Amino acid sequence: MTQDELKVMVAKAALDYIPSGSVLGVGSGSTVMKFIEQIGINKVPVSAAVSSSNKTTEALKAIGVNVVDPNETQPYEVYIDGADEVDPNFNMIKGGGACLTREKILTSMAKKFICIVDKSKLVETLGKFPLPVEIIPMAREQVARTLRALGGEPVLRKDCITDNGCEILDVHGLNITDPLALEQKINQIPGVVTVGLFASKGADIVLYATEEGVKVLKRG
């Protein structure tokens, strides 16, 4: 079974978690695009959605979903998104698609975060996937120096400007044994918009696709 087939499988499983009559939070990335496709194919009713990226907004509107401004909605029930890595404690690295700040904002508004991935994204310790850090451009070198002092090797992501007009540093070489502490430390660096560690608010449910079907991990 290909990785693409696994993504479709978990995207279909996520349809069962779409709330009835409530705003749905939708993330970004290739698995989320499969999820949006499945909403359209299966004609699943979505009353309205908040979106983490311009690309997601376009995809949702293309299947007739009303996308609303997060400033004009209350905290909502469910946010569905993928991840680049997920550890056994439901901490995640996100931001491979450069939408980490908007994803983190929408996560903070949701009562429940459902993460959809294939089995390859499950890891024992975060950090093999380079950690994305969204930065204000004028702070690039100072932030990079501080990240090096923390033991990482930051690399500017080429040809990447986020939807917020910022840049991404991808930090290699980290072995993240305390995701919450590192998230807080990096977020305090002047010039950092946000770091792609989702530990202070990680996933509540992880759906992951395997050749044997979709498995479910729940907190508690």
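Criteria and cut-off values
Residues numbered from 1 in each chain as written. Predicted model: local features only at pLDDT ≥ 70, side-chain atom pairs only at ≥ 80, totals over all residues. Heavy atoms only, no water. Helix = DSSP H or I, 4+ residues; strand = E, 2+ residues; numbered from the N terminus. Rg over C-alpha atoms; globule rule 2.2 N^0.38 Å. Contact = heavy atoms within 4.5 Å. Buried < 20%, exposed > 50% of the residue type's maximum accessible area, 1.4 Å probe, protein only. Pairing = 2+ DSSP bridges. Polar contact = N/O pair within 3.5 Å; in protein donor to acceptor, adjacent residues only side chain to side chain.

S.K.: Where do I start with the overall build of the chain in this structure?
M.R.: Looking only at helices and strands, the chain features six helices and 13 strands. The C-alpha radius of gyration of the chain comes to 17 Å, within 12% of the 17 Å expected for a compact globule of 220 residues. Seen along its three principal axes, the alpha-carbon backbone of the chain occupies a region of about 50 × 40 × 30 Å. Looking at the chain alone, contacts between residues at least 24 apart form 73% of all its contacts between residues at least 6 apart.

S.K.: I would appreciate a short explanation of the pairing of strand β12 (residues 205-210) in the present structure.
M.R.: Within a regular strand, side chains alternate between the sheet's two faces. Among the six residues of β12, six are classified as buried, and the element is accordingly described as predominantly covered. The alternating pattern of β12 places Ile205, Leu207 and Ala209 and Val206, Tyr208 and Thr210 on opposite faces, both of which are buried. Alignment of strand β6 (residues 110-118) against β12, held across five bridges, turns out to be parallel. Bridging from a neighbouring strand, Ile116 pairs with Leu207 of β12. Count of turn residues in the β12/strand β13 (residues 213-218) antiparallel hairpin: two residues.

S.K.: Explanation requested: the environment of Arg219 in the structure shown.
M.R.: Relative to the helices and strands, Arg219 resides in the segment after β13. Taking the C-alpha atoms as reference points, Arg219 and Gly82, 137 residues apart in sequence, are found 17 Å from one another. Setting aside its immediate chain neighbours within four residues, Arg219 contacts Asn89, Phe90, Gly202, Ala203 and Asp204. Polar contacts involving the side chain of Arg219 include one to the main-chain carbonyl oxygen of Ala203, which spans 2.7 Å.

The analysis is restricted to geometry; functional conclusions fall outside its scope.
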